[in-house]
Each structure stands twice: as structure tokens, then as C-alpha cells.
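Per-entry structural report
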Amino acid sequence: MAFGAIFVPHFSLQAVERLESGIRNRPLVLVDGPAPTFRVIAFNHLANQLGVTSGLTKAAAAEFQGVEIRQRRKEQEVAAHAALLDAAWSFSPLVEDTATDTVLLDLAGLTTLFGSHENIARQIKSRCSALGLDVHVAISANAETARVLARALPGPTIVPDGQEADPLKTLPVALLSPGEELAEVFRQWGVTTCGSLAALPVLSLSECVGQEGVRLHALASGNGNRPLVIAEPTHLFEESLELDDAVEELEPLSFLLGRLLDQLCLRLSTRALAVRTIQLQLELEPRFENAFDSSREFLRARQLPETLHCSLVLPRPVRDAKLLLKLLRLRLQANPPKAPVQKLHMRAEPDRPVAFEGGLFLPAVPDPDKLELTLARISSVVGESNVGSPELLDSYRPDAFRMQKFSAPSPESSSAPSMPGEAEVSKMGFRFVRPPMPANVTFQGGRPVRISFQGKSWNVVQASGPWRASGEWWEENGWQEDAWDLELGFPGRAPARAVYCIVFDSRQKKWFVRGSYD
Amino acid sequence: MRLHIESALAGRVASPFRLREAAPPLVVPTGIAALDELVGGLPRGGLTEIYGPPCSGKTSILHSALASRTRSEVCALVDAQDAFDPGSSQASGVYLPRLLWARCHGLEQAFRCLDLLLHGGGFGLVVLDISDAPVRLVRQVPLNVWFRLRRAVEETPTVLLVLSRESNAKTCASLVLRLEQEAVQWSLKTRKAMRPALHTPGCLLDGSAHSAEIVRSVPRYKKPRFIDQPATVADSFEAKACFQTNADPYDMQEALPHLTLLPQQEERIEDPG
């Protein structure tokens, strides 16, 4: 039986650094509190070297040269905690969500999968590092010892079975998190380390400080074993980024989107999942012209800023952050935010990744990821409703179809089903004129003899019709028409070759050219 | 000298003085037997241009080719003037779920879409239909665009088919076909599913006959010919064929392909437009 503990030191700070990897090498200060009296609550070692201390005001912290100041964001910490849990679940399904910055894992039986405990600890550390978290890892035969050691030592710390008390001896007793009263008692007794607490007689300790003292004694002795409270794996993949200065251009916005997508894809790949749907919500800054309006309505509007929603549904699960970024960029180019963006919230709905195996003797089909990108790019050129595969509607109305989203067929369905209308002889093709072109038709003896459209006049050589049809008369958009097939020719020129279909719209009382036979 | 060169290149070049014939390109059928017999099919990895006046049969060939390819591959149609008719194409046998249709409104959109599709890859047949685009604008497309398109499909299994009113791709095309409409067939007698009660006495559009002429075919003309040797039967070929298209949607099962090779015609039929 072995337990692992993962602890994230300076959790709030790392939650910020996780989304801004470049900021790790600069002095960083985190401020929090009610506006405008922000106070420094955390800082990295570079800021510490400059002399930044906790409790400084934001203005005072800004006096230090080169210091980056960030405000504490709850959403970022929630996302960082979710990433920590994702890393833990990628090793063991038995994970306890101990605290925001600490998780415990049951490692029983994992040595057959990952090797020795040293290997497991190293892999946990590197996986968390890939997710942007620099963590402490400890493995011990009991969960509480692992937790205490992870909080105290950067590790990886591996405690051999039966020697749990040894590494705890020198650690301060404050790591056991005694209550304020008990901590004062220990201070008066001169008990400063876990070793000195473990040396006290349990019976006397119980008489003096009660059961809490006994519990802390057991922890200090390395006997603090307990069953884990197992957390159910969740499929909540969300990332947020709130900006101090709103972003107006699409280019810098795409950098920020890239960061969020990188994190989401990393977390999903850690859990062996992929993205099926991306929901992006952009919170927009109130419009500039409204800034001069101090009416009550405006103030209410400020409390509820405008948001832009953008969703991306993929035909198959994808884990490629670059591809997703390109698709999102194309979406935003087509529908750009109408005001600077001050907050980004991204949510991914996961799905199991699908693996395709192409056959040697099967025809090539477009790579689904590439195809998705190509379709998005074509959509940005011709419009989303103008690209796809046509589907005929169950209607007698001419030219009744709708566009469906085109998706590459899977290799399994590479051969098309035998179609009932499969032609053995070539059929005459028809070309539509969209929208139908108005025409003037001259009749003689009940038959069309001359037609003019597009500024040209044609003689009717041969005519067939009228082919009367109507439908959907019970609805508002009903239709009724007389169609004619005409062989046309320029006057004085022979032979005539063009064959057109013209219709008389009985509702509009007008003639139109529907198309030509080609 | 020959021995010296051969020995110098030994191990690097197998036979330096042997004329290597380029492997014939893979072709796919158009779905029209007369055309397949004439041109052998549409070459993969090459640009095929089919041009002709309106109603000369370009769309019928397009539908046949799509019907033939969508059975096993994914095809794309870049429709410069949004003229494609899904209904008649499905009746011709096109499997619409395998067809990506980009409905463009102008040449610029069409060429941009075509570029994206060719660089995306994976399509068996990509068609650019600029038949209805104004001829004046199509003429202004620079030749380097056609070269770029040819380069984009080279060494790929994609068939690039361009339908237009005039020949534009020139030497960039591996195969150029010119189409003409020979006759329009109107009749009432041959119709099996005649419903005289519904129509006024008159004729019905039954179909049309078209002729196709090879203007350029790289695979065929690349065959080496020796001036001191007489041309063999295999070297001579017909450059023109006729095919028919049927307009009747009801008696497709009984219609038989009327596909015959015709001799060269001296007289060129002028474009009525």
C-alpha cells in the first residue's frame, strides 16, 4: 500500500504563471483585496530579491523596477486546481481532492504500470510541469505522512516502508496544522519539531490537550494513516483569462486564445481525451461612446457587459491546439468582437479520440483535421451557408435543397451505396440561374415565339410546354408556375443550339429564366 | 565513346542510351463511354479543360464524372456562378454526401476556394466550373494562375477539371476538350411514359447530341514518333467523338447509349452566342 501526495507551492502565483509562461523569469507580484486598496499577497523569488514583501499596496509594489503586477483571479485558480486533478487522475483513479493546492493519490498496484515509486514520482512531477505547475511530490505508506512531506520538501520524496517517522523528525510542528490554541501550547512546551512531538508520551498528551493532540502525535510519528475520500473524475475543462487592459485587435487576442487552447489541449491529452466542442465567451468592454453617459441605464449596463459567444463543433475529436486556434481565428474574423475584449472564457467538451487506420487499397480521403480547416477557410471566403454538401428536400418545388456540413467519410464507409438512380447513359445536365433572371416572352398562337433577357433577343425555334406545377399553396410561400423548355436562336443566325427552361410565376405574374440544359 | 560513357556511369545510371518512355498517367473514367474511348479518361495529377459554348454538354460530362468518382472518392466542385443543380446531378448518379460544393459568386472567390481545396488535398476530383462567368473576366486570369494550379495537382492523385466557355489554361492543361452541340432532339413518339392529358400537343425535349474534339492531349502526343518509320495503326487516332445525353427522367432504364465515333468534320459549327 502506497500513497502519493502532490502539493503546489505558491498556488495563487502558479495559477497566474500557468497561463503566462514567459512571466516566470520576471519578478511577479500578486495583489488582491477590495478595489482600490489592493495588497500584495504573493510574489516570486525574483520579486523577493527586489525587496517586495507581503501586505504592500499595489502602488508601492509598482515602485519596484520591472515588477509585473497581476490581480488574483478566482477562475484561474479553479482552472489550475482542475489541471492538478487532471494530472492526478492520469495516474490513478483513486484521488482525494484534499485542498486547492494538494491532492492525494492511491498508488496501489501502479508499480506494474509505471515502474518503481521513484519513477512514478518523477513522472508525476514532469506531467504537472507540462501543465505549467511546479509541484512537490512525496510517496509514503500512509497518506498523511505523504501530505506533510509534500508540503515540506520539494522532493520527489520517497519514504521506505516502516521508516515514516524518520523524515518527519526535523520538520516544524507547524506543518501538521495544529489549531491556534494547540500551537501556543506546543510553543510554551518548547515542542518545535515533529520529532519532539513524537517523543512525548501519548497518554499524558491526551490528558493535557485531548484527542487533537493524540492525532497530531500520530501524524508526527508517521502513523497517520486514513482512507482517502475519493473524488469522482469530472469532465469540466474550462479556462479563463481576465485582462487588466482590454484587447482590441484580433492578432493579440489570438495569442491569448492560443494560451487557453494550449492548456485545454494539454489537460485533455493528460486525461487521454480530445476536444469535440469549444465554447468561447468573450466579455466585451462597454462601448466608448457610452463612457460619457452617466445615466442610471448606463450604469446598469456596465454591470452586465456585452458578451460574444462563439462555438466550434468538430466532426471528430481533435487535440491539436494550433488547428483549433486557426479555426477559432477564422470564426472570429467572420464575426469579430464589436468592442475590446476584457475577459476570455473557454470551455471544451471532451470526447474519446478516434483513431483511423487507412487501408492500402482504399482511396484517399481528406485528412479530417485538414478538411475542417479548409472548410473553415472556404467558409470565410464564400460564407458558411455556401459551402457543404447538398441534400435534396422532399419537395416538388424546383431547386429544393439545403446545404449540409461536409464531412470526410470514414475509411470503413469508403464505398458508396449502390444508388437507385445510377445512370447507365449520360443524362442531360441542367444549370440553374440563381436568382432566376427576369425575361420578356412574346406569344403567338398560344406558343412562345420570341424571348429577351440580359439585353438580348432570341427567336424560339422549338418549344415544349407549358408544364404546370404548384405546391405548398396552403402555406405563405406557396408556388405555382408554368414551365417551358425552349430551343433558342439568334435571329438571322443558324443553327440555334441553346436550350433554356423558362417559367411563368403565376403569383408574381412574371416570366423568369430558370436555367439551361447543358 | 558509348562504352566509355556507359562505363563511367555504371552503377549510377542503368542504361544511359536507352530512351525512357514516360509512364502513362493514371486516368479515371468520365462515365461516358465515347469520351473514355476517345481520351482514355481524365488524367490524375493533371489539369483537364473542357470548354464549349452554352448547352454544349459540359454539365452532362461534369455530372457523369462526379457520378463515376463519388462512388469511391470524395469530390469537390467550385461553382463560380452558383449554377450547379443537385437534383439533376443526383438523377445522374452523383452521390451527393461525397460532394463538397462551394457556391461562389465571382471568379476571385472561385480561384481562392480552388487554391484552398487543392492545397488541402485528399479529393479525387476537383472541378472548377467557370462556364457562366463572363468570358471577358476569365480571359483576364493570368497564365501563371493556371501554372500554379497545374503545379498544385502534380504528383497528386487529384483530377483537376475546369469547365469554361473558352480555352484558358493553354499549355498548362494535360487534356483539352472542345465540345459542341450537334443537335437537339425533340420528340413525342418515343416517350414511353407519355401523359398526353397533361400537356398541349407538341414536342418534348428528349435529349441532345454533342461532339467532343481533342484539342490537346499531353499523354497522347508525347508518344515518340520516328520520321523514318511509317505511322502504325496505334499511332493514328480519332480526335473527335459524339455522345448523346438524355433529358427524359422516366425511361432511363430503357434508354441505350448511342455512342459512336464519328469521322473528323471539316465544317466547324459556330457558337450561336
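Residues numbered from 1 in each chain as written. Chains lettered and ligands numbered in written order. Predicted model: local features only at pLDDT ≥ 70, side-chain atom pairs only at ≥ 80, totals over all residues.

Right, let's get into the overall build of chain A. Per the secondary structure count, chain A includes 16 helices and 20 strands. For a compact globule of 518 residues, the expected C-alpha radius of gyration is about 24 Å, and chain A comes in at 36 Å, more than 25% above that figure. Viewed in the frame of its principal axes, chain A has a C-alpha envelope of about 125 × 65 × 45 Å. The proportion of buried residues among the 518 residues of chain A is 36%. Considering only intrachain contacts with a sequence separation of at least 6, the fraction spanning at least 24 residues in chain A is 59%. (Helix = DSSP H or I, 4+ residues; strand = E, 2+ residues; numbered from the N terminus. Rg over C-alpha atoms; globule rule 2.2 N^0.38 Å. Buried ≥ 20, exposed ≤ 12 C-beta atoms within 10 Å, placed from the backbone. Contact = placed C-beta atoms within 7 Å.)

Counting residues at the interface gives 55 residues for chain A and 68 residues for chain B. Those elements giving two or more residues to the side of chain A that touches chain B turn out to be helix H16 (368-382), strand E13 (387-392), strand E15 (430-444), strand E17 (456-471), strand E18 (479-489), strand E19 (498-505) and strand E20 (510-517) of chain A. Per element, the largest residue contribution to the side of chain A that touches chain B is 7 residues, and it comes from H16(A). Taken together, the 2 bridges between E13(A) and strand E5 (residues 99-103) of chain B define a ladder with antiparallel strand orientation. Its bridge partner being in E5(B), Val387(A) is matched across the sheet by Ala102(B). (Pairing = 2+ DSSP bridges.)

Residue and element names in this part refer to chain B. Most of strand E3 (residues 46-51) is tucked away: 6 of the 6 residues are buried. Burial along E3 is two-sided: the face carrying Gly 46, Thr 48 and Ile 50 and the face carrying Leu 47, Glu 49 and Tyr 51 are both buried. Here E3 runs beside strand E7 (residues 159-164); their pairing, made up of 6 bridges, is parallel. Bridging across to E7, Leu 47 finds its partner in Leu 160. In the sheet, E3 pairs with strand E8 (residues 175-187) via 4 bridges, with the strands oriented parallel. Bridging from a neighbouring strand, Tyr 51 pairs with Arg 178 of E8.

A few words on helix H13 (residues 250-270) of chain A. Residue and element names in this part refer to chain A. Taking 1.5 Å as the rise per residue, H13 with 21 residues should run 30 Å; its terminal C-alpha atoms sit 30 Å apart, in good agreement. By the burial criterion, the buried members of H13 are Leu 253, Leu 257, Arg 259, Leu 260, Leu 261, Gln 263, Leu 264, Cys 265, Arg 267 and Leu 268. Each element contacted by the buried residues of H13 is listed here: helix H4 (74-89), strand E9 (237-247), strand E10 (274-284), helix H15 (321-334) and strand E12 (341-351). At the exit of H13 stands Ala 272, carrying a positive phi of roughly 60 degrees. (Expected span 1.5 Å × (residues − 1).)

So, about the domain arrangement of chain A. The parts lose accessible area when they come together, and the size of an interface is often stated as this lost area. Each assigned domain of chain A is listed with its residue range as follows: domain 1 (3-164), domain 2 (243-288 + 304-354 + 365-394) and domain 3 (430-517). The C-alpha centroid of domain 3 of chain A is placed 46 Å from the C-alpha centroid of domain 2 of chain A. (Domains from an automatic or database assignment.)

Two packed helices can be described by the angle between their axes and the distance between those axes. Put simply, H16(A) and helix H5 (residues 107-120) of chain B touch, their axes get as near as 10 Å, and they point 175 degrees apart. Our classification of the angle between H16(A) and H5(B) gives roughly antiparallel. Between H16(A) and H5(B), the residues in contact are Lys370(A), Leu371(A), Thr374(A), Arg377(A), Ile378(A), Val381(A) and Val382(A) and Gln109(B), Arg112(B), Cys113(B), Leu116(B), Leu117(B) and Gly120(B), respectively. Per-class residue counts for the contact of H16(A) with H5(B) are 7 nonpolar, 3 polar and 3 charged. (Axes fitted to C-alpha atoms, helices over the stretch in contact; angles between N-to-C directions. Parallel < 35°, antiparallel > 145°, perpendicular 65-115°, else oblique. Nonpolar A, V, L, I, M, F, W, Y, C, P; charged D, E, K, R; others polar.)

Consecutive residues of a regular strand have side chains that alternate between opposite faces of the sheet. Residues and elements named next belong to chain B. Of all 5 residues in strand E4 (residues 75-79), 5 are buried; the element is thus mostly enclosed. As paired strands, E4 and E5 are joined by 5 bridges and run parallel to one another. Across the sheet, Asp 79 pairs through a bridge with Arg 103, a residue of E5. Note on the crossover from E4 through helix H4 (residues 86-91) to E5: the handedness is right-handed. Here E4 pairs with strand E6 (residues 125-129) via 5 bridges, running parallel. The partner of Asp 79 across the bridge, within E6, is Asp 129. (Right-handed = clockwise from strand over helix to strand, strands pointing away.)

Residues and elements named next belong to chain A. Sheet architecture is open: 5 strands sit in the order E5-E6-E1-E7-E8, paired in mixed fashion. Two strands close off the open sheet at either side, each with one partner strand: strand E5 (95-99) and strand E8 (157-158). One ladder, built from 5 bridges, connects strand E1 (residues 3-7) with strand E7 (residues 136-140); its direction is antiparallel. Among the inter-strand pairings, Phe 3 is bridged to a residue of E7, identified as Ser 140.

So, about the packing of H5(B) against helix H7 (residues 143-153) of chain B. Residue and element names in this part refer to chain B. Following both chains from N to C, one finds H5 and H7 inclined at 20 degrees, their axes separated by 9 Å at the closest point. The orientation of H5 with respect to H7, classified from their angle, is roughly parallel. In this structure, the crossing between H5 and H7 has a hand that is left-handed. For the pair formed by H5 and H7, the contact residues are Phe 111, Leu 114, Leu 118 and His 119 on the first element and Val 145, Leu 149, Ala 152 and Val 153 on the second. (Left-handed = near helix turned anticlockwise from the far one by under 90°.)

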